[in-house]
Amino acid sequence: MAYIKSLSMHGFKSFPRKTEIPFTSGINVILGPNGSGKSARYDTQVLTKSNGIMKIGKIVEESLEKSGNIKKLDDGVYTTENALGLEIFSLNPESMKIEPKKITAFMKRDGEKNLYAIHTKTGKKVTTTECHPVMVYKQGKIVSEVVKNLRKGNFIATPNKLELGEKEFKIDLSWMKDYKVSNEFSRFLGYLVGDGCIVKDRRVDFVNMDEEIIEDYISILKNMGFIPKVSCRKNNLAKTIYFNSKSIANSLIKFFNNEYKKEGKHIPSEILFGKKEFLANFLAALFDCDASIRKDNPTFEYVTMSERLAEEVVLALLRFNIVARKITKKKYATNTEAKIKRDYYHIMIEGKDKLFLLMESIKLKCIHKRQRLEKWANRKVISNPNLDLLPREVNILIKECKEALGIEYKPLRKRYPFFAAYIENRCSPTREGIKKTNEIFKKKLGVYREYSKNIGKDINILLSSMRELNISRVEAAKYIGVTRHTVTDIWDKRIFSPKTENLNKLFEFIKEKIRERILIAQENIRILYNLANSDIFWDQISNIEKVKGEKYVYDLTIEDNHNFIANNLFVHNSNISDALCFVLGRLSIKSMRA
């Protein structure tokens, strides 16, 4: 029987420094939850299935408070009781699809002097300890990599779509005529968040200058049982639509949890995580108020001074398969006298394909915005593929598959220039480029399968297959035990036929080569298919900065997949058990349990 004397880890997942665990006499088990590496700060936003967005610190603190079984770590505490019954959304590294998973452990640990903030090109940001991993692509797999080993320009995994289901919310709308959430009510809320103002104890105002928007808003108010009034504003074309009602104004303030002004503006959870048609109507009204579409290029832009609202708009768009980019700019509002510069958050949707999705999913009322959006979305041009790149490491997989199938790529360069570029590693592959590349591979794989089924011990067919499948004659000669000249000249030119023994060996060699290549190609094609159709948007790191640490950091353990969505990125939990499994060649700690 083999015995493990010690486990030494250096650079494995959450162990950037060398760590050695001796298995001395009396030690026969590693006890601890998956996720024993330190993690993120309190305010990290985790996407849960049942409760929407929650701060990781709040999740852990409440779970510990309700737990009847808290266990100690050397620098913190944890519980394996899911007292809140929470599930989160997690990336399956094999299928590369997002799926709901249970949380199996909640950890609170002492913080560190410094944390590290990862910034991406699309404006995402997450702050963690240096030993906490995020998800990357490496050697044909989706794996974890600790923050310490990441660099500017690296690709990390983030969601490119979210299928959240359509949760039914119970909302007290007794102050409304029809007492129910509807498309019209969702638009009403979108207008309020966009250009509205709730005056406590008094009234609800809405200011806009587009006639079609004003007409739609007045119609909604009347259908909801309100009596709107209209006043014209001095020195501009805008109009104020308002209705007086202390009870309704205060009911709306309560509905927005008292966060309804400027930086506090947000999308109510009942809309953000409710029916998609309600969310689409909310966003349409919001964009009708504060969005614009550029004349000179296919770019849609929404601007807000609420960072929370900006983050929620990015999340909301993922429900419609739209990846947006967030940019922070210092500016002042044009309608103020003080001209004090503040942070404003610009949400950008770029490219013909994304604008088409936006046009199809979110129906704007504002005529000039809708027309400009339709113009870009329906323009008959090839969309820019560089808005959805995959890591360059994928090119290694493409080259491996090309070699396995014996494809000569240079004759294909003119017809498939992207294919040659990937083989030569001149650029990062695109999602569409991977799909087209797979078609080349599948076509060639079909030829291999035909030979696999029909090849026989006929020298002419065997030699023909070697030419078409690009199988090495040198390797064949070595396997058979003859000279290369025998295969390439004597047999190929029909000077002499091979002996029966040599013919059998040639048949075996070619048959085995075909089998091997089919297996390699099938696996690579499967991975490429998953990459091209994954729920992952590969976001590039724009900067990693060292920031002040926190007193405590928090982590979760997720069943099977061991990752969760935090601040719109996939972050991983990692541990000693993973290291032991890695050393022993096991897939999971479950397979090692007695």
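Below is a short write-up of the structure. (Residues numbered from 1 in each chain as written. Predicted model: local features only at pLDDT ≥ 70, side-chain atom pairs only at ≥ 80, totals over all residues. Heavy atoms only, no water.)

1. Here we look at the overall build of the protein chain
- In terms of regular secondary structure, the protein chain is built from 17 helices and 25 strands.
- Across the 594 residues in the protein chain, those meeting the buried criterion constitute 50%.
- Surface accessibility of the protein chain: about 30,000 Å² in total, with carbon and sulfur atoms responsible for 49%. (Helix = DSSP H or I, 4+ residues; strand = E, 2+ residues; numbered from the N terminus. Buried < 20%, exposed > 50% of the residue type's maximum accessible area, 1.4 Å probe, protein only. Areas by Shrake-Rupley, 256 points an atom, 1.4 Å probe, with all protein chains shown as cover.)

2. A look at the sheet that holds strand 22 (residues 536-548)
- Taken in spatial order, the four strands of this open sheet run 10-9-22-13, and their pairing is antiparallel. Across the chains shown, the open sheet's two edge strands, defined by having one partner strand only, are strand 10 (125-128) and strand 13 (155-159). Sheet twist, expressed as the mean angle between neighbouring strand axes with direction ignored, is 40 degrees.
- Of the strand pairs in this sheet, strand 9 (residues 114-120) and strand 10 are connected by four bridges, and their pairing is antiparallel. Paired with H119 across the strands is K125, a residue of strand 10. (Pairing = 2+ DSSP bridges. Axes fitted to C-alpha atoms, helices over the stretch in contact; angles between N-to-C directions.)

3. So, the environment of R494
- Counting through the fold element by element, R494 comes out in the loop between helix 15 (484-491) and helix 16 (500-532).
- For the pair R494 and I459, spaced 35 residues apart in sequence, the C-alpha to C-alpha distance is 9.4 Å.
- Sequence-distant contacts of R494, that is, excluding residues within four places in its chain, are made with N460, L463 and D489. (Contact = heavy atoms within 4.5 Å.)

4. Focus: empty space enclosed by the protein
- As enumerated under the stated definition, the model contains one cavity of 30 Å³ or more in all.
- Considering only enclosed or pocket space, the largest cavity measures out at about 50 Å³ in volume.
- Along the walls of the largest cavity sit T122, G123, K124, E311, V314, K326, N567 and N568, which together make up its complete lining.
- Looking at side-chain class alone, the lining of the largest cavity contains one nonpolar, four polar and three charged residues. (1 Å grid on protein atoms, 1.4 Å probe; cavity = no way out; pocket = protein on both sides within 12 Å on 5 of 7 lines; lining within 4 Å. Points joined across faces, edges and corners; volume = space filled by probe spheres on them. Nonpolar A, V, L, I, M, F, W, Y, C, P; charged D, E, K, R; others polar.)

5. Overview of the nonpolar core
- Residues F188, Y217, I267, L283, F287, L317 and L358 are the most contacted members of the largest nonpolar core, which totals 129 residues.
- With 13 residues, the top contributor of residues to this core is helix 16.
- Judged by nonpolar contacts, the second largest core, of 26 residues, contains V46, I56, L86 and V134. (Core = buried A, V, L, I, M, F, W, Y, C linked by side-chain atoms within 4.5 Å.)

6. With respect to the packing of helix 13 (residues 459-468) against helix 16
- With their axes 11 Å apart at the nearest point, helix 13 and helix 16 run at an angle of 35 degrees to one another. When the axes of helix 13 and helix 16 are compared, the crossing they make is left-handed. Listed contacts from helix 16 to I459, L462, S465 and M466 of helix 13 are L503, L506, F507 and I510.
- Residues that form the contact of helix 13 with helix 16 fall into these classes: seven nonpolar, one polar and no charged. (Left-handed = near helix turned anticlockwise from the far one by under 90°.)

7. Let's talk about the side chain of S90
- Locating S90 in the fold gives a position in strand 7 (residues 87-91).
- Among the polar contacts made by the side chain of S90, one reaches the main-chain carbonyl oxygen of N563 at a distance of 2.8 Å. (Polar contact = N/O pair within 3.5 Å; in protein donor to acceptor, adjacent residues only side chain to side chain.)

8. As for the pattern of salt bridges
- For the structure shown, the criterion picks out 33 salt bridges.
- In this structure, D343 engages K330 in a salt bridge whose closest nitrogen and oxygen atoms are separated by 3.3 Å. Within this pair, whereas D343 is found in strand 21 (residues 342-350), its partner K330 is found in strand 20 (residues 325-331), the two being separated by 13 residues in sequence.
- R431 is the salt-bridge partner of D388, the closest N and O atoms lying 2.8 Å from each other. One end of the pair, D388, is in the loop between helix 9 (367-377) and helix 10 (394-404); the other, R431, is in helix 12 (residues 431-454), with 43 residues separating them in the sequence.
- Assessed through its relative accessible area of 21%, D388 is described here as partly exposed. (Salt bridge = Lys/Arg side-chain N within 4 Å of Asp/Glu carboxyl O.)

9. Things to note about unusual backbone geometry
- One non-glycine residue, D201, lies in the positive phi region at around 65 degrees.
- Of note, D201 is situated in the loop between strand 14 (196-199) and strand 15 (203-208).
- Phi is positive for N568, close to 65 degrees, though the residue is something other than glycine.
- With respect to the element layout, N568 can be found in the loop between strand 24 (563-566) and strand 25 (569-572).
- You can call N568 buried: its relative accessible area is 9%.

10. Some words on the packing of aromatic side chains
- Tallying each qualifying case throughout the model produces 16 aromatic pairs.
- Pairing F188 with F226 gives two aromatic rings, centres 6.3 Å apart and planes at 50 degrees, and the pair type is tilted. With F188 in helix 2 (residues 183-195) and F226 in the loop between helix 3 (211-223) and strand 16 (229-232), this residue pair connects regions lying 38 residues apart in the sequence. Taken individually, F188 and F226 each receive the classification buried, so the pair is uniform in this respect.
- Ring pairing ties together the aromatic residues F185, F188, Y191, F206, Y217, F226, F243, F255 and F256, which thus form one cluster.
- The cationic tip of K108 hangs over the ring face of Y552; the distance from NZ or CZ to the ring centre is 4.2 Å.
- The positively charged end of K375 is found above the aromatic ring belonging to W376, 4.6 Å away from the centroid. (Phe/Tyr/Trp six-rings, centres within 6.5 Å; stacked < 30°, edge-to-face > 60°. Lys NZ or Arg CZ within 6 Å of the ring centre and 35° of its normal.)

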